[in-house]
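# A structural walkthrough
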Amino acid sequence: MDASRNVLITGASGGIGYELAKLFARERNNLVLVARSGDKLAQVGTALQANGVTVKTIALDLAQVPAPRFLFDQVQREGVAIDILINNAGFGALGNFADMPEEQILGQINLNVVALTQLTRLFLPPMLARRSGRIMNVASTAGFQPGPLMAVYYATKAYVLSFTEAIANEVHNSGVTVTCFCPGPTHTGFGKRAGNDQSRVFKQLGAMNADKVALDGYRAVMEGRALAISGIHNWAVAQSTRFAPRKMVTAISRWVSEKAE
Ligand SMILES: NC(=O)c1ccc[n+]([C@@H]2O[C@H](COP(=O)([O-])OP(=O)(O)OC[C@H]3O[C@@H](n4cnc5c(N)ncnc54)[C@H](OP(=O)(O)O)[C@@H]3O)[C@@H](O)[C@H]2O)c1
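Below is a short write-up of the structure. The model shown is predicted, which means the values in this text are computed figures rather than measured ones. Throughout, residues of each chain are indexed from 1 in the direction in which the sequence is written. For a predicted model such as this one, the threshold for reporting local features is a pLDDT of at least 70, and the threshold for listing and counting side-chain atom pairs is 80 or more; totals across whole chains, interfaces and linings nevertheless cover every residue. The basis for every side-chain value is the complete set of heavy atoms in the structure, and neither hydrogens nor water enter the calculation.

## With respect to the site of the ligand
How we decide: The criterion for a residue being near a molecule or strand is simple. One of its heavy atoms has to lie within 4 Å of it. N or O atoms within 3.5 Å of each other form a polar contact, as long as, within protein, one can give a hydrogen and the other can take it, and as long as residues adjacent in sequence are counted only when both atoms are side-chain atoms. Only the protein chains shown count as cover for residues, and all accessible areas are computed by the Shrake-Rupley method using a 1.4 Å probe. Note that Gly is not counted as nonpolar here; it falls among the polar residues with everything else outside the nonpolar set of Ala, Val, Leu, Ile, Met, Phe, Trp, Tyr, Cys and Pro and the charged set of Asp, Glu, Lys and Arg.
Near the ligand there are 31 residues, and of these S37, D61, N88, Y153 and T188 occur at the shortest range. Contact distances for the ligand include 2.8 Å between an oxygen atom and a backbone N or O atom of T186. Protein contacts shield 93% of the accessible area of the ligand, which totals 880 Å² for the unbound molecule. Of the residues assigned to the shell around the ligand, the class counts are 15 nonpolar, twelve polar and four charged.

This is the structure:
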């Protein structure tokens, strides 16, 4: 791959996606940035162009089922070959599953699972044909255990983890790498949207800053690692779930999602 690549990042208007976009822009990669809010994306685009790179912004709700196909077609029409795809857009919602509005449940599945899978399926074959490319799917440390009070979110991230590690194996030695990146709790707009910003996990256990997390993600994708967990403490927690009884792991997972005193 030459120095100037085309990088597509979903969820780049804020949080981890924005920090990733800054890192790729600094390394002089051209960007295609996607999120719902066109205004925020336009501001981000203008700021990042100061690095002397081309930034294209596409305002799109990826939870709408035709959106990933629309995005792929749009990029194809403009003749942009995507060298690096970062499936970062995602959201969670706190609450008992039985009370959760159907729209929130399906919204999480459509964005975190369906859009990510479809974009991977659409952009991977051209990369394989060129024998060059990188995909990074952003999962979460939530993917390593069940999550009472955020049951759907945790399950979507378990899907991303399993799916991505499997695809990484399938493309081994193809010239293309697929990376599953797992941040732990991170200070972004995520907690407010999820409604868990007052939970123990954010208030008592400590969250990382988005720029540090993004740097870990950037390194992981550029090294072509199949799996990377941001933060040594998050790595240790993820490992511990493999040996502890599942009932206990699930109970602890509920405890961290509950509101801090
Ligand atoms: N923050 C954490 O504690 C944490 C921990 C582990 C994993 N993660 C994962 O990290 C990723 C990034 O999250 P973040 O923490 O940076 O959250 P964030 O600050 O809320 O940013 C989410 C980004 O995704 C975009 N987005 C949300 N819904 C979208 C949709 N339907 N279509 C297109 N774009 C959409 C948002 O922009 P618009 O609102 O403009 O659409 C925003 O740019 C997510 O996959 C999340 O699950 C986060």
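That covers the picture; the talk isn't over yet.
## Remarks on the side chain of R134
Definition in use: Counting from the N terminus, the helices are DSSP H or I runs at least four residues long and the strands are E runs at least two residues long. Burial classes follow relative accessibility: with a 1.4 Å probe on protein chains only, a residue under 20% of its type's maximum area counts as buried, one over 50% as exposed, and anything between as partly exposed. In summary, the charge assignment counts Lys and Arg as positive and Asp and Glu as negative, without counting His or the chain termini. Only one rule defines a salt bridge in this text: a Lys or Arg side-chain nitrogen within 4 Å of an Asp or Glu carboxyl oxygen.
Considering the arrangement of structural elements, one finds R134 in strand β5 (residues 133–138). Within the buried set, R134 has no salt-bridge partner at all; the shortest N-O distance to an opposite charge, 9.2 Å, is to E223. In terms of polar contacts, R134 uses its side chain to reach the side chain of T177, at 3.3 Å.

## Let's talk about the pattern of salt bridges
Under the defined criterion, the tally for this structure stands at seven salt bridges. The salt bridge involving E78 is made with K56; its shortest N-O contact spans 3.3 Å. Highlighted residues: E78 in the loop between α3 (67–77) and β4 (84–87) and K56 in strand β3 (residues 55–59), separated in sequence by 22 residues. Judged by relative accessible area, E78 falls into the partly exposed class, the value being 40%. Residue class for K56 comes out partly exposed when judged on its relative accessible area of 25%. With its nearest N and O atoms 3.1 Å apart, the salt bridge here joins R254 to E258. Judged by its relative accessible area of 38%, R254 falls in the partly exposed class. One network of salt bridges, in which partners are shared, links R200, R254, E258 and E261.

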